Protein chains: 2
Amino acid sequence: MNITIRDVAKKLNLSITTVSRALDGYSDVAEETRQRVIETARQMGYAPNQAARQLRRKRADSIGYILPADRPRFSDPFFAEFVAGLGDEAAAHGLDLLVSSAPPNSQAEQRAYERWIQSRKVDGMVLNRLHLQDWRVQYLSEVGFPFVTLERSQDACDYPSVEVDGRRWFKVLVDHLAELGHRRVAYIGAGAELKIQADRLAGYQDSLQSHDLPYDAVLVTEGDLTSDGGFYAAKRLLALPQPPTAIACVDDMTALGVLHAAREHGRVVGKDLLVAGFDGMAGFEHTQPPLTTINQPVYQMARKLVQMLAAQIAGQVLVERHVQIEPVLEIRQSTVGK
Amino acid sequence: MNITIRDVAKKLNLSITTVSRALDGYSDVAEETRQRVIETARQMGYAPNQAARQLRRKRADSIGYILPADRPRFSDPFFAEFVAGLGDEAAAHGLDLLVSSAPPNSQAEQRAYERWIQSRKVDGMVLNRLHLQDWRVQYLSEVGFPFVTLERSQDACDYPSVEVDGRRWFKVLVDHLAELGHRRVAYIGAGAELKIQADRLAGYQDSLQSHDLPYDAVLVTEGDLTSDGGFYAAKRLLALPQPPTAIACVDDMTALGVLHAAREHGRVVGKDLLVAGFDGMAGFEHTQPPLTTINQPVYQMARKLVQMLAAQIAGQVLVERHVQIEPVLEIRQSTVGK
DNA sequence: TTGTAGGCGTTATCAA
DNA sequence: TTGATAACGCCTACAA
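Residues numbered from 1 in each chain as written. Chains lettered and ligands numbered in written order. Predicted model: local features only at pLDDT ≥ 70, side-chain atom pairs only at ≥ 80, totals over all residues. Heavy atoms only, no water.

**Topic: the sheet that holds strand β1 (residues 62-67) of chain A**
Sheet strands pair by backbone hydrogen bonding; their relative direction is either parallel or antiparallel.
(1) Moving on: Read from one edge of the open sheet, 12 strands run β11(A)-β5(A)-β4(A)-β3(A)-β1(A)-β2(A)-β2(B)-β1(B)-β3(B)-β4(B)-β5(B)-β11(B), paired in mixed fashion. Of all strands in the sheet, those bounded by a partner on one side alone are β11 (322-325) of chain A together with β11 (322-325) of chain B. Neighbour-to-neighbour, the strand axes of the sheet open up by a mean angle of 20°, direction not taken into account.
(2) Moving on: Where strand β3 (residues 124-127) of chain A and strand β4 (residues 147-150) of chain A come together, 3 bridges link them in parallel fashion. Each residue of the ladder has a partner; that of Leu127 of chain A, found in β4 of chain A, is Thr149 of chain A. (Pairing = 2+ DSSP bridges. Helix = DSSP H or I, 4+ residues; strand = E, 2+ residues; numbered from the N terminus. Axes fitted to C-alpha atoms, helices over the stretch in contact; angles between N-to-C directions.)

**Structural notes on the pairing of strand β3 (residues 124-127) of chain B**
Every regular strand shows the same layout, with side chains that alternate between the two sheet faces.
Residues and elements named next belong to chain B.
(1) Moving on: Burial of β3 is two-sided: the residues Gly124 and Val126 facing one way and the residues Met125 and Leu127 facing the other way are all buried.
(2) Moving on: Bridge analysis of strand β1 (residues 62-67) against β3 gives 3 bridges, and the strand direction is parallel. Within the sheet, the bridge partner assigned to Tyr65 lies in β3 and is Val126.
(3) Moving on: Crossover connection from β3 via helix α7 (residues 135-143) to parallel strand β4 (residues 147-150): handedness right-handed. (Buried < 20%, exposed > 50% of the residue type's maximum accessible area, 1.4 Å probe, protein only. Right-handed = clockwise from strand over helix to strand, strands pointing away.)

**Considerations on the nonpolar core**
(1) Moving on: With 159 residues, the main nonpolar core has Phe82 of chain A together with Phe82 and Tyr204 of chain B as its most contacted residues.
(2) Moving on: Those residues in contact with Tyr204 of chain B, other than ones at most four positions away along the chain, are Phe170, Val174, Val185, Ala186, Tyr187, Tyr215, Leu219 and Val220 of chain B.
(3) Moving on: Counting residues in hydrophobic clusters, the runner-up holds 36 residues, among them Leu98, Met125, Leu130 and Trp135 of chain A. (Core = buried A, V, L, I, M, F, W, Y, C linked by side-chain atoms within 4.5 Å. Contact = heavy atoms within 4.5 Å.)

**Details of the protein's contact with DNA strand D**
(1) Moving on: In the region of DNA strand D, 26 residues are neighbours, and Thr17, Thr18 and Lys58 of chain A together with Ile5 and Arg56 of chain B sit closest.
(2) Moving on: Atoms of DNA strand D within 4 Å of the protein: sugar and phosphate make up 63%, bases the balance.
(3) Moving on: Separating a phosphate oxygen of DNA strand D from a backbone N or O atom of Ser15 of chain A is a distance of 2.9 Å.
(4) Moving on: One nitrogen or oxygen atom from the side chain of Ser20 of chain B is found 3.0 Å from a phosphate oxygen belonging to DNA strand D.
(5) Moving on: Where the surface near DNA strand D is concerned, the elements lending two or more residues are α2 (16-23) and α4 (50-57) of chain A together with α2 (16-23) and α4 (50-57) of chain B.
(6) Moving on: At 4 residues, α4 of chain B tops the list of elements feeding residues into the surface near DNA strand D.
(7) Moving on: For the surface near DNA strand D, a count of residues per class yields 10 nonpolar, 9 polar and 7 charged. (Near = heavy atom within 4 Å. Polar contact = N/O pair within 3.5 Å; in protein donor to acceptor, adjacent residues only side chain to side chain. Nonpolar A, V, L, I, M, F, W, Y, C, P; charged D, E, K, R; others polar.)

**Here's the deal with the relation of the copies chain A and chain B**
(1) Moving on: Take chain A, turn it by 180°, move it 0.0 Å along the axis, and it overlays chain B with an RMSD of 0.1 Å. Such values leave the two copies arranged in the relation of a two-fold axis.
(2) Moving on: In this assembly the copies share their binding face: 97% of the residues contributing to the interface of chain A also contribute to that of chain B. (Least-squares fit on C-alpha atoms with pLDDT ≥ 70 in both.)

**Quick word on the packing of α4 of chain A against α4 of chain B**
(1) Moving on: Remark: α4 of chain A packs on α4 of chain B, axes separated minimally by 8 Å, with the N-to-C direction vectors making an angle of 140°. With respect to α4 of chain B, the element α4 of chain A is oriented oblique. The way α4 of chain A lies across α4 of chain B gives a crossing that is left-handed. Residues Ala51, Ala52, Gln54 and Leu55 of chain A of α4 of chain A form the contact with α4 of chain B, whose own contacting residues are Ala51, Ala52, Gln54 and Leu55 of chain B.
(2) Moving on: Among the residues forming the contact of α4 of chain A with α4 of chain B, the class breakdown is 6 nonpolar, 2 polar and no charged. (Parallel < 35°, antiparallel > 145°, perpendicular 65-115°, else oblique. Left-handed = near helix turned anticlockwise from the far one by under 90°.)

**Notes on the interface of chain A and chain B**
(1) Moving on: Between chain A and chain B, the contact holds 70 residues from the first and 68 residues from the second.
(2) Moving on: The contact between chain A and chain B buries some 5,500 Å² in all, and 52% of this surface belongs to carbon and sulfur atoms.
(3) Moving on: Of all residues in chain A, Arg73, His286 and Gln288 of chain A give up the largest surface area on contact with chain B, accounting jointly for 14% of the area buried on that side.
(4) Moving on: Where chain A touches chain B, the interface holds 6 salt bridges.
(5) Moving on: Among the ionic pairs, Asp96 of chain A bridges to Lys121 of chain B, the shortest N-O distance being 3.5 Å.
(6) Moving on: For the interface between chain A and chain B, the tally reads 30 residue pairs in polar contact (both at pLDDT 80 or more).
(7) Moving on: Where the side of chain A that touches chain B is concerned, the elements lending two or more residues are α4, β1, α5 (77-92), β2 (96-101), α6 (107-118), α10 (227-238), α11 (252-264) and α12 (298-313) of chain A. (Buried area = accessible area lost by both parts, 1.4 Å probe. Salt bridge = Lys/Arg side-chain N within 4 Å of Asp/Glu carboxyl O.)

**Describing the protein's contact with DNA strand C**
(1) Moving on: Taken together, 28 residues sit near DNA strand C, with Ile5 and Arg56 of chain A together with Thr17, Thr33 and Arg56 of chain B positioned nearest.
(2) Moving on: Within 4 Å of the protein, atoms of DNA strand C come from sugar and phosphate in 61% of cases.
(3) Moving on: For DNA strand C, a phosphate oxygen lies 3.0 Å from a polar atom in the side chain of Lys58 of chain B.
(4) Moving on: Among the secondary structure elements, those contributing two or more residues to the surface near DNA strand C are α1 (5-12), α2 and α4 of chain A together with α2 and α4 of chain B.
(5) Moving on: Partitioned by chemical class, the residues of the surface near DNA strand C number 10 nonpolar, 9 polar and 9 charged.

**Some words on the layout of surface pockets**
(1) Moving on: Roughly 1,400 Å³ of volume is contained in the largest pocket.
(2) Moving on: Counting only elements with at least two residues in the lining of the largest pocket, the list comes to α1, α2, α3 (31-44) and α4 of chain A together with α4, α6 (107-118) and α7 of chain B.
(3) Moving on: For the lining of the largest pocket, the class distribution of residues is 20 nonpolar, 11 polar and 13 charged. (1 Å grid on protein atoms, 1.4 Å probe; cavity = no way out; pocket = protein on both sides within 12 Å on 5 of 7 lines; lining within 4 Å. Points joined across faces, edges and corners; volume = space filled by probe spheres on them.)

**Quick notes on a nonpolar patch on the surface**
(1) Moving on: Among the surface-exposed residues, Leu180, Ile331 and Val336 of chain A lie close enough to one another that they form a single nonpolar patch of about 230 Å² accessible area.
(2) Moving on: Take Leu180 of chain A: its relative accessible area is 40%, and that puts it in the partly exposed class. (Patch = residues over 30% accessible without salt bridge, like charges linked within 9 Å, V, L, I, M, F, W, Y side chains within 5 Å. Areas by Shrake-Rupley, 256 points an atom, 1.4 Å probe, with all protein chains shown as cover.)

**As for the environment of Glu222 of chain A**
(1) Moving on: The topology assignment puts Glu222 of chain A in strand β7 (residues 220-222).
(2) Moving on: Setting aside residues no more than four positions away along its own chain, Glu222 of chain A makes contact with Ile188, Gly189, Ala190, Gly191, Ala192, Ala233 and Arg236 of chain A.

**Thoughts on the packing of aromatic side chains**
Aromatic ring pairs are reported here in terms of the distance separating the ring centres and the angle at which the planes meet.
(1) Moving on: The full count for this structure, using the stated rule, is 22 aromatic pairs over all chains.
(2) Moving on: Summarising the aromatic geometry, the rings of Tyr113 of chain A and Trp135 of chain A are spaced 5.6 Å apart at their centres and angled 80° between planes, so their arrangement reads as edge-to-face. In this pair, Tyr113 of chain A is assigned in helix α6 and Trp135 of chain A in helix α7 (residues 135-143), connecting sequence segments 22 residues apart.
(3) Moving on: For Tyr113 of chain A, a relative accessible area of 0% translates into the label buried.
(4) Moving on: Seen from their ring centres, Phe74 of chain B and Phe79 of chain B are 5.1 Å apart, and the 45° between their planes marks the pair as tilted. Just as Phe74 of chain B is buried, Phe79 of chain B falls in that class too.
(5) Moving on: Ring pairs connect the aromatic residues Tyr65, Phe74, Phe78, Phe79 and Phe82 of chain A, which therefore count as one cluster.
(6) Moving on: Above the plane of the ring of Tyr159 of chain A lies Arg152 of chain A, whose end atom (NZ or CZ) is 4.2 Å from the centre. (Phe/Tyr/Trp six-rings, centres within 6.5 Å; stacked < 30°, edge-to-face > 60°. Lys NZ or Arg CZ within 6 Å of the ring centre and 35° of its normal.)

**Overview of the pairing of strand β5 (residues 161-164) of chain B**
All names here are of chain B.
(1) Moving on: Side chains Ser161 and Glu163 of β5 all project onto a buried face; the interleaved residues Val162 and Val164 project onto the opposite face, where all are buried too.
(2) Moving on: Pairing of β5 with β11, which is carried by 4 bridges, proceeds in the parallel orientation. The residue bridging Ser161 from the neighbouring strand is His322, located in β11.

Keep in mind that these numbers describe shape and distance, not what the molecule does.
If you want it as structure tokens, here you go:
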């Protein structure tokens, strides 16, 4: 059997009360006693049983995150970095991170949220890949459960979030293409229900407008945030009677597929065809050619989210509820090839 | 306050015992009663408090995994897929997945393991990126805590694992290069303490030997499992007086950097210089040129691991303790460019 | 087939 | 400054 607070108390000839308080750093225990307790506890390898503590304190000391994995081969580097950030910041607050995975908008997703929340497995949730109307936001708001989000949905409720202004920065990206003299700029996006899609598409349109370029629906197509999706979307675009001379992609993975399609169509990326991505994943400075992108500090964003969530759970009033993160335009050879 | 089993019992004029047993599917409760209980519980949105249940049952119904994140920008797609697999299979067994992140062999890593185990936050652990001598394996074996591993360390204890025979399959990869007539084949590896490095390097050497190629220490270099590492390692190799004509990389990320370095050195990959990776990450079929690699079913491997761990936790005897996974050699243009 | 009651290991209240 | 004791919500032997 495992070692409990009782064992420690017995060994020291103290009550469990005193041991508990000594370990939790209460002030009403003699300093000398505290030292003895701490020392003995360490020696005996005592660690409080979390279940018991949680039951008593009515806190799980955990936060939850559900990966929006919509396919088995879910190998988007964004999420490795994101989860690492969540984990690190959670640990810094003495919180554990519970991770599950479910296809967005699935039954499984819904059950996962309900289970964690109703059974008090977690004290708060982190969301990302928000939908324009997001049932999770509505549900969590309704039941008054703490959560934070990366990106913001269009639901009419207020909640803490961290955000990159996708509309503004996608415009910056497309401006960059337009300013290089390109007039047929295509866009490869994602599912219309996604907030990032709405934002980035709007940014694309903003840029067209500010450069007096016509909006041509033929040049706007949908991928699925994978390189495969980008690959096939780009093949369709490049097979057009009047193909684009530049392609702005909703994310880096999509852009990777585009680079491949371009090569298959004999285009020299950076010269015949410009390609740009969005996210700034580590590694994509080594694509062929290196990818121009909007570089977001994903790890930092994840940490910030947990920081805000931890504060919210602790009942603190958040000074900044809507944090804006400024990414940077990373210009590489896929748009300025030599 | 939240809804407990007592509330449900009161509403039904039953004892909490009956409610508990009805919900847990015991046979000694009238079918009609059970239905009423289930229905009412559902209506009231009752879910057992996990902390209480865990305390009572002495099980956490959770398993743990610690990401070997050795840098903030930890965006290795391998781990997104791996974690998704762990999460999915865990859910299928009614287990939750606890994730943290710590640099391998760090104090933080050690504390994370000890904390989870001593405080009974988890019932079992999943390990990967094993070291040749792995303190985690030794520690967990010693305290008799359930765990499973991807890859096997050289520690003298027996434990369940899932494994791809890295030595054999790296030989297959290098054989492929050698059989294309290349005699100066370089190897870019990882830290010498890693099991995958030992295996894959051995496979490289096996292949050299079987093709009567000399082992040239100059052609064997160390990366760090990132594309940056691969990039710089390749630059060093290509700057040699007698540079290699083919490079086998310990993983796909490394290979991505190599493709970039090759281009900078004016090499045409697939003709002047062959490049091969290992892992078969989704997306890498779209590199420039598409990357030859050993394709491992990472998602399936993760699921298998959890399956074995769940069985172990449930006290079942594992029929197969050492599962071998067969990957496939994926030949693409980085070695057979046209 | 259903109910009573004890206890899992903590923390927190109150008294000493 | 310390100790006895009552919950926290659930499961389960045992009794009815």
